[in-house]
Structure formats: C-alpha cells, structure tokens
Amino acid sequence: MFNACSHAFNHFFHHHLGIQIHHARGSSVKDAECIESSSGPARTHTCLADSKPTIVGPRVEHKDEFVCKGGVDAGRLLNLARKDLYSTAKKMGGNILLEEKSVHPIRHPRSQSRDQFKVTIHYSATVARSPELDAQKPVEIQAAKGIKGLMTVIDRHPEF
C-alpha cells in the first residue's frame, strides 16, 4: 500500500508541478524526502543582457542553510542569499551580478518534526562593474520550488 501511495505522490508532483522527490533505499521516508530545485544553467538577467561591463571579476559563491517550520518560501530565501552575495560583490568593487545560478534542495531534517524543513542554498554569480543597475532579484525566481504554508525561519547558518 505504501509503495502505491508513494508512486502516486511522486507521479503527481513530477508531472504536474515539475518537482522530483527522491527516497533513499534502506531509510525511512521521513529521513529521505527531498525536493530538488534550481535556477537551471547560469544566466544573466534580461535587463543586463546587453550591458557592456567595464570590469568582469571572479565567480563567487554563497551558501546558506536554513531550518524552516510550517512551509518554505524559496523565493524569499533565495532573495536573502542573493543579497549576501551582492554585498560580497560590492566589497570586491562590483555593482552587478552576471551568470547567476542557484541550487536549493529542501529536506526534512532527520531529528525534526514533519513540519520542519532544511533548505541549503548554493548561489553563485560572476562579479562585474557596469554603468547599468543590478536587477536586485534572483534569476529565475519564479521557478523556485517551495512548500506551501506559513514559513518561520528557526535557524540560519550562512557559509562562504
């Protein structure tokens, strides 16, 4: 019975919402559920596509780990991670981010209740300087997958 429900659940989310849920063999479903989401290949915002940067710097990366309760607003979490990455770019002399990419899997922490989620965001971009203004929002934010509900961030661990 469990396998039939699990298959139906995976089929619905994969074909109707574009979400893939993976179950590791040999562990309980509670420990192994994972929603994979990303912005896709690295890309630059359309408003900056025709810009001619005066200086192109290195590729930088920011990693954030959030523990959320009640739901996951992936767009809001991506925004927080991007703001931190943009601050790093500003300290390096840049004023725009190019070729942005994000990956943000959502998991149930093994020792937490069913309404808690662990979200690890890897956000990377190329730092550049340009007369154009930065978009100030994550690339492909509309494609970010989350979990419906009222999100409360319980813990945050930024890493660089």
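Quick caveat, the model's predicted, so the values are computed rather than measured.

Novice: Let's hear about the overall build of the protein: which residues, and what values?
Specialist: If you tally the helices and strands in the protein, you get three helices and six strands. If you list the helices and strands of the protein from N to C, you get α-α-β-β-α-β-β-β-β. For the protein, contacts bridging at least 24 residues in sequence account for 79% of all contacts bridging at least 6. Accessible surface computed for the protein: about 9300 Å², of which carbon and sulfur atoms make up 53%.

Novice: So what's going on with the pattern of salt bridges? Which residues, and what values?
Specialist: A full pass over the atoms with the stated rule returns six salt bridges. When the shortest N-O distance is used, the salt bridge between Glu-140 and Arg-43 registers 3.1 Å. Taken together, the positions of Glu-140 in the loop between β5 (116-129) and β6 (152-159) and Arg-43 in the loop between β1 (34-35) and β2 (55-69) put the pair 97 residues apart, joining distant regions of the chain. For Glu-140, a relative accessible area of 27% translates into the label partly exposed. Judged by its relative accessible area of 28%, Arg-43 falls in the partly exposed class. The partner of Asp-73 in a salt bridge is Arg-76, with the nearest N and O atoms 3.6 Å apart. Residue Asp-73 is classed as partly exposed on the basis of its relative accessible area of 33%.

Novice: Tell me what's going on with the nonpolar core, and back it up with residues and numbers.
Specialist: Buried together is how nonpolar side chains tend to be arranged in soluble globular proteins. Counting residues in hydrophobic clusters, the biggest one holds 21 residues, and the most contacted among them are Val-72, Leu-77, Val-119 and Ile-121. Going through the elements one at a time, β2, α3 (74-91) and β5 are the ones with two or more residues in this core. Not counting chain neighbours up to four residues away, the residues in contact with Leu-77 comprise Phe-66, Cys-68, Val-72, Val-119, Ile-121, Met-151 and Val-153.

Novice: With reference to specific residues and values, describe unusual backbone geometry.
Specialist: One non-glycine residue with positive phi stands out, namely Glu-99, at about 50°. The residue Glu-99 is located in strand β3 (residues 96-103) in this model. With a phi close to 60°, Gln-136 is a non-glycine residue in the positive phi region. Tracing the backbone shows Gln-136 in the loop between β5 and β6. Judged by relative accessible area, which is 44%, Gln-136 ranks as partly exposed.

Cut-offs and rules
- Numbering of residues begins from 1 in every chain and follows the order in which that chain's sequence is written.
- Local features in this predicted model are restricted to residues whose pLDDT is 70 or higher, and side-chain atom pairs enter the listing and the counts only when it is 80 or higher, whereas totals over whole chains, interfaces and linings include all residues.
- Think of the side-chain values as coming from all heavy atoms in the structure, minus any hydrogens and water.
- Under the DSSP-based scheme used, a helix requires at least four consecutive residues in state H or I and a strand at least two consecutive residues in state E, with every element numbered from the N terminus.
- We call two residues contacting when some pair of their heavy atoms lies within 4.5 Å.
- Throughout, the Shrake-Rupley method with a 1.4 Å probe supplies accessible areas, and for residues the shown protein chains are the sole cover considered.
- Each salt bridge in this description consists of a side-chain nitrogen of Lys or Arg and a carboxyl oxygen of Asp or Glu lying within 4 Å of one another.
- Each residue is placed in one exposure class: buried if its accessible area under a 1.4 Å probe, protein chains only, is under 20% of its type's maximum, exposed if it is over 50%, and partly exposed if it falls in between.
- Within this scheme, the nonpolar core is defined by two criteria: the residues are buried Ala, Val, Leu, Ile, Met, Phe, Trp, Tyr or Cys, and they are joined through side-chain atoms within 4.5 Å.

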